[in-house]
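# Structural description and commentary
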Amino acid sequence: MTGKIIGLGSYLPDKILTNDDLAGIVETSDEWITERTGIKQRHISDHNTERPSQMVVKAALEAVADAGIDPKDIDLIVSASTTSDVLFPTLSTTIHKALDVSEDCGCFDVNSACPGWVAAFNTAQSFIESGNAKLVLVAGAECTSNYVDWEDRGSCILFGDGAGCAVLQACEGKKNEFLMRSSGKRSGCLFCENARQPYRKDEEGFEGLTHFNMNGREVFKFAVTEVPAIIKDLAARYNFSLDEIDYFILHQANARIIEATAKKLKMPIERFPMNIQYTGNTSSASIPMLLKEMKSDGRLVRGQKLIIASFGAGLTWDANYIIY
Ligand code: COA
């Protein structure tokens, strides 16, 4: 038993922030950002109409329409976000309410930073394989622009906002095969401390702002080392050849990370689709958004073999082998 992806949806905010726009905020240039990251622009959400809890509903509605299902039949919703506008209730219950899903549906969120959607996907697959769910909505939504440090040119240039969703349906087939890895001791190279709400606002030490911190070079080294390694290990564990893979769907963090991974795996770069040029790094939304785009433009077709691989804060990283 496996969960087949039968519907995909995504949402990108209307407002576009180009590299030239960024050059008016921090000391940088279109040339530098393009050369180091492949990013030309990113979308920034409107605080009133495009919060994660609003974007995720738009993506979910599109995924449900694409799947052609009645939302009442969904029996589990799992959402991923690290930058949600709501601490609780969960994004999953926000979707539950908007789509008027039945009360027999379970809802919860997972937080695993950029690999969050993959963690949610693997959780959903486990529910399906164990017979505990048949129709699952897996969502990722991020408003990174609320959390990045807009004075730090080494990190604010990378991120963007958006949401993506997939509907998984239980059916006969090869089970979801995956590896997940973590290195908590390397957490210091990418973290964001939450704002604290003190008992008294004049309390000593009150900052009132989240604190985003990234060592770009370390994260880059981590990604170009661990992502190719975990993909090779996945192929060895589940006994398939990378030559069989139609597409390597990697978390869209930096075009150079994706190019380095292709090179290390000795695979043609054409098999590594990218939309980072116009989305930036949308964290947990990046993979479902890319899958949706590929389905819409006809690149993604039934029967294709895919590797999905993500990485990010934690540090955590993963790789999945699925047949679409
Ligand atoms: N514009 C212009 N110059 C910049 C800049 C910017 N936006 N950001 C940094 N620089 C400067 C640095 O100050 C440094 O100058 P110096 O040599 O005078 O000290 C120089 O460019 C090189 O900086 P460095 O950090 O070594 O650049 P880099 O090639 O490693 O690229 C990143 C920086 C952030 C683009 C890159 O390290 C990266 O993408 N890392 C991965 C981050 C990531 O993906 N995080 C999310 C994971 S989910």
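Residues numbered from 1 in each chain as written. Predicted model: local features only at pLDDT ≥ 70, side-chain atom pairs only at ≥ 80, totals over all residues. Heavy atoms only, no water.

Attention shifts here to the sheet that holds strand β11 (residues 247-250). Read from one edge to the other, the open sheet built from four strands follows the order β8-β13-β12-β11, with strand pairing classed as mixed. For this open sheet the edge positions go to β8 (177-182) and β11, each flanked by a neighbour on one side alone. Each strand axis lies, on average, 10° off the axis of its neighbour in the sheet, ignoring direction. Pairing of β8 with strand β13 (residues 316-323) involves six bridges; the strand directions are antiparallel. What sits directly across from M180, in β13, is D318. Sheet strands touched by helix α9 (residues 286-296): β11 and β12 (305-312). Its angle to β11, the strand with the most contacts, is close to 140°. (Pairing = 2+ DSSP bridges. Helix = DSSP H or I, 4+ residues; strand = E, 2+ residues; numbered from the N terminus. Axes fitted to C-alpha atoms, helices over the stretch in contact; angles between N-to-C directions. Contact = heavy atoms within 4.5 Å.)

The amide bond that connects F88 to the next residue, P89, takes the cis arrangement and shows omega of 0°. Within the secondary structure, P89 is located in the loop between β4 (76-80) and α4 (91-98). Residue L315 follows G314 across a cis peptide bond; omega there is -15°. Considering the arrangement of structural elements, one finds L315 in the loop between β12 and β13. Backbone geometry at N239 places phi at a positive 60°, although glycine is not the residue there. Among the structural elements, N239 can be located in the loop between α6 (216-238) and β11. Since its relative accessible area comes to 71%, N239 is described here as exposed. (Buried < 20%, exposed > 50% of the residue type's maximum accessible area, 1.4 Å probe, protein only.)

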